[in-house]
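Residue-level listing of the chains:
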Amino acid sequence: MFIVKDVDLAGRIGLIKLRRGSIETPVFFPVIDPVRQEVSIEEIGDIGFKQVITNAYLIMKRFGSKAVEYGIHKLLGFNGIIMTDSGGYQILEYGDIEYTQRDIIEYQKSIGSDIAVILDVPTGDVGYEKARESVEITLSRAREALNYIVDSEALWVLPIQGGKYLDLVEYSAREAQKLEYYKMYSIGSPTVFLEKYEFRIVLDMIHTAKKVLPQGRPVHLFGAGHPLIITLAIALGIDSFDSASYLLYARDSRYMTEYGVYSLEDLDYLPCNCPICSKLDIKDLKEASRDEKIRLLALHNLYVIKKSIERAKQAIREGRLWELVEELSRRHVKAYEAFRRFRKYYKYLELYTPRVKGEVYGLKFYDIESIWNPKVLRFRSKVLTLLDDIISYGKNIVLKPLVAELECPGDNGSNTIVYYTPFLGLIPSSLCGVYPTTQHSAPKNVSPSIVDDLVYSLRVLAAKARVKNLNIIVEYCSDVLWQYVVALEARDLGLHITMRC
C-alpha cells in the first residue's frame, strides 16, 4: 500500500497504491468545494494535481442521494484520486453535526471515496480536559468504525488528536497504532496554530506523533497550505497535506510566495515566473474583475504550493533537505523560530538520515544551524569516539587548518596529524577525505558563533592531550580570521603555535 522510494532527514518520497492508481508523496490535496469553486477542477488538474480532497459531510448535505447515484468522481468531474474528510472541521467550528459516524462512513463508502476519514473530534486550541475528551472520543470512534469499514475498498485515515498537549498527542498515537486496520494516519487540529504562524507548536505535534507511529504508513497533515510549513513538515516525515489556502488567500486578494503571503495591494511587481505571473503584470492583476482576480490568484497560489512540494522532493533525492529547510527558514521570522526547534529533534532526524545515497552531493554550510545537520552531527560524533585512541599513541599532535586543496597526508614520525575547520571541527587524519570533510562548501568569513564552536573543539582536544602529557602544535594562517582566533586561544592554553603562511 505504501512504498518508500527515497529518504532524507525524516522526509521520504513514497508511493501510495490505491484502487484507482497511485500517488507519489509528498503530495498536496487541494480542497474542492463543488458549490463555490472559483477555480475549476479541470484547471487544478492541468497544473498537475492528480488528487483532491472534498468534504463528505457537505456533499451529503447538499447532494444527498445524487452523489451516491453519480459517485464522487463523476459528481466532481475528476478522474484522479479523491480524498473525503468526514466533517470533523465542522465539529470544530460549530460544535456538532446532525449525522452519526456510521452515517458519514457509509456515505463515504457509497460515493466511492478513494481515501476516507472517520468522524473524529478535532482538538483545536482548548483547555487540557477538553483536549483529552477529544482524544478519547476520537479513539472510541476509531474502534467503533472498524465494524463499518472492514469491507471497504477505501484507504481509511485515523486522525491523531491532542493539539498542543504533547502527552495527549503521544497517547493518541500509541493507542492509534494498536488499531492495525488503519493504514494511514493524520495529524489533526493544526489549523488554529498555523493561522497564527505558530509553526513550532505544529512541529512539536508532528514529531511527537511520528516517533510513535509505524514508519511504514503515510501520515497526513490537515489544513496545511503554506509553503513554509509544508517544507518543515516534510522534513519531519509528513507525507501528504490538504488546504483551501490557495483559494481563501485569493478571495482575500493575497498573493502567496515560498517565503510569505503578500496583500496584492502592497505589491509593485509579481515576484514569480509561474504561467499566471509570466503572462500578466501587476496592473493587469489589480484591475481584473473580482472573480477573475480570485481565479488568477488561486491558480498562482497552487503553482507556488506545487513548486514547494517538488523542490522538497528534489532536495530529498539529493540529500539536501536540511539545507533547503535552513535556506527557507531565513525567509520568515516564524519559520526561523520553528527551524531552531529542529535542534530538539536531532536524534530522531539522524535516525532516518541515510549514511549513503547513490550520488553524493557536497554539503553547504551557512551558519551555526548548519552544525545541527544530522550528517554533520554524525561525523562529529564519530570524531569524538576516535580522539581517545588518537592521543593514546604517544605522539605529539600537529593541528593543521583544513584547506580545499589538501590531499590529506597521514601521520608522520612522532607526530599525529589532526585537521581543524569551521562547522566540522576536528578531523583526524584517518578521516580526512571521508564524507563530508572535503565534500562541502562554506563561507570564508564565518560568524563568531562558528569560531566559538571551533575554539571549544580545541579546548576538548587540549584537555585530553594534557592528561597524556602530549604537546599540541597549532598551525595557522594570519590572513584567515578563524585560524587566527584558534591560534590566539592556543596561545592562551599554553600550546605551541606556528604560522604556516
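To keep things clear, this report deals only with the structure shown in the data block. A quick note: this is a predicted structure, and the numbers were derived from the prediction, not measured.

## Focus on the overall build of the chain
Reasoning step 1: Within the chain, the regular secondary structure consists of 21 helices and 20 strands.
Reasoning step 2: By its C-alpha atoms, the chain is 85 × 55 × 40 Å across when sized along the principal axes.
Reasoning step 3: Counting only residues that meet the buried cut, the chain has 55% of its 501 residues in that class.
Reasoning step 4: Of the contacts formed within the chain by residues at least 6 apart in sequence, a portion of 69% connects residues at least 24 apart.

## Looking at the side chain of Ser457
Reasoning step 1: Residue position: Ser457 is located in helix 20 (residues 448-467).
Reasoning step 2: Aside from chain neighbours lying at most four places away, what touches Ser457 is Arg380, Gly425 and Leu426.

## Re the packing of helix 7 (residues 128-149) against helix 8 (residues 166-176)
Reasoning step 1: Their axes nearest at 10 Å, the elements helix 7 and helix 8 cross at an angle of 10 degrees. In terms of orientation, helix 7 lies roughly parallel with respect to helix 8. Residues Tyr128, Ala131, Arg132, Val135, Glu136, Leu139 and Arg143 of helix 7 form the contact with helix 8, whose participating residues are Asp167, Leu168, Tyr171, Ser172, Glu175 and Ala176.
Reasoning step 2: Among the residues forming the contact of helix 7 with helix 8, the class breakdown is seven nonpolar, one polar and five charged.

## Focus: the pairing of strand 3 (residues 21-25)
Reasoning step 1: Here five bridges tie strand 2 (residues 11-18) to strand 3, and the two strands are oriented antiparallel to one another. Its bridge partner lying in strand 3, Leu15 is registered against Glu24.
Reasoning step 2: Between the end of strand 2 and the start of strand 3, which pair antiparallel, lie two residues.

## Structural notes on the nonpolar core
Reasoning step 1: In this structure, Phe241 and Phe342 are the most contacted members of the largest nonpolar core, which totals 105 residues.
Reasoning step 2: Top element by residues in this core is helix 15 (residues 290-318). It accounts for 12 residues.
Reasoning step 3: Excluding anything up to four places from it in sequence, Phe342 contacts Leu203, Leu232, Ala235, Leu236, Trp322, Val325 and Leu349.
Reasoning step 4: Counting 45 residues, the second largest nonpolar core, distinct from the first, contains Tyr419, Leu431, Val446 and Leu458.

## Quick word on the sheet that holds strand 20 (residues 496-499)
Reasoning step 1: In space, the five strands of this open sheet follow the order 17-16-15-19-20, with mixed pairing throughout. With partners counted over all chains shown, the strands left at the sheet margins are strand 17 (425-428) and strand 20, one partner each. Across this sheet, the average inter-strand angle for adjacent strands is 25 degrees, counted without regard to direction.
Reasoning step 2: Sitting on the sheet, helix 19 (residues 374-390) is in contact with strand 16 (415-421) and strand 17, with an inclination near 60 degrees to strand 17.
Reasoning step 3: Most of the contacts of helix 21 (residues 481-492) go to strand 19 (residues 472-476), to which it runs at about 155 degrees, and overall it touches strand 15 (396-401), strand 16, strand 19 and strand 20.

## A look at the pattern of salt bridges
Reasoning step 1: Applying the stated criterion across every chain yields a total of 39 salt bridges.
Reasoning step 2: One salt bridge connects Arg132 with Glu129, and the closest N-O pair in it is separated by 2.5 Å. Of the two residues, Arg132 and Glu129 are both situated in helix 7; the distance of three residues between them amounts to about one turn of the helix.
Reasoning step 3: Of the charged contacts, one joins Arg311 and Glu327 as a salt bridge, the two residues approaching to 2.7 Å between their closest N and O atoms. Here Arg311, found in helix 15, pairs with Glu327, found in helix 16 (residues 321-329); they are 16 residues apart in sequence, far enough to count as distant.

Reading the values: rules and limits
Residues numbered from 1 in each chain as written. Predicted model: local features only at pLDDT ≥ 70, side-chain atom pairs only at ≥ 80, totals over all residues. Heavy atoms only, no water. Helix = DSSP H or I, 4+ residues; strand = E, 2+ residues; numbered from the N terminus. Buried < 20%, exposed > 50% of the residue type's maximum accessible area, 1.4 Å probe, protein only. Contact = heavy atoms within 4.5 Å. Axes fitted to C-alpha atoms, helices over the stretch in contact; angles between N-to-C directions. Parallel < 35°, antiparallel > 145°, perpendicular 65-115°, else oblique. Nonpolar A, V, L, I, M, F, W, Y, C, P; charged D, E, K, R; others polar. Pairing = 2+ DSSP bridges. Core = buried A, V, L, I, M, F, W, Y, C linked by side-chain atoms within 4.5 Å. Salt bridge = Lys/Arg side-chain N within 4 Å of Asp/Glu carboxyl O.

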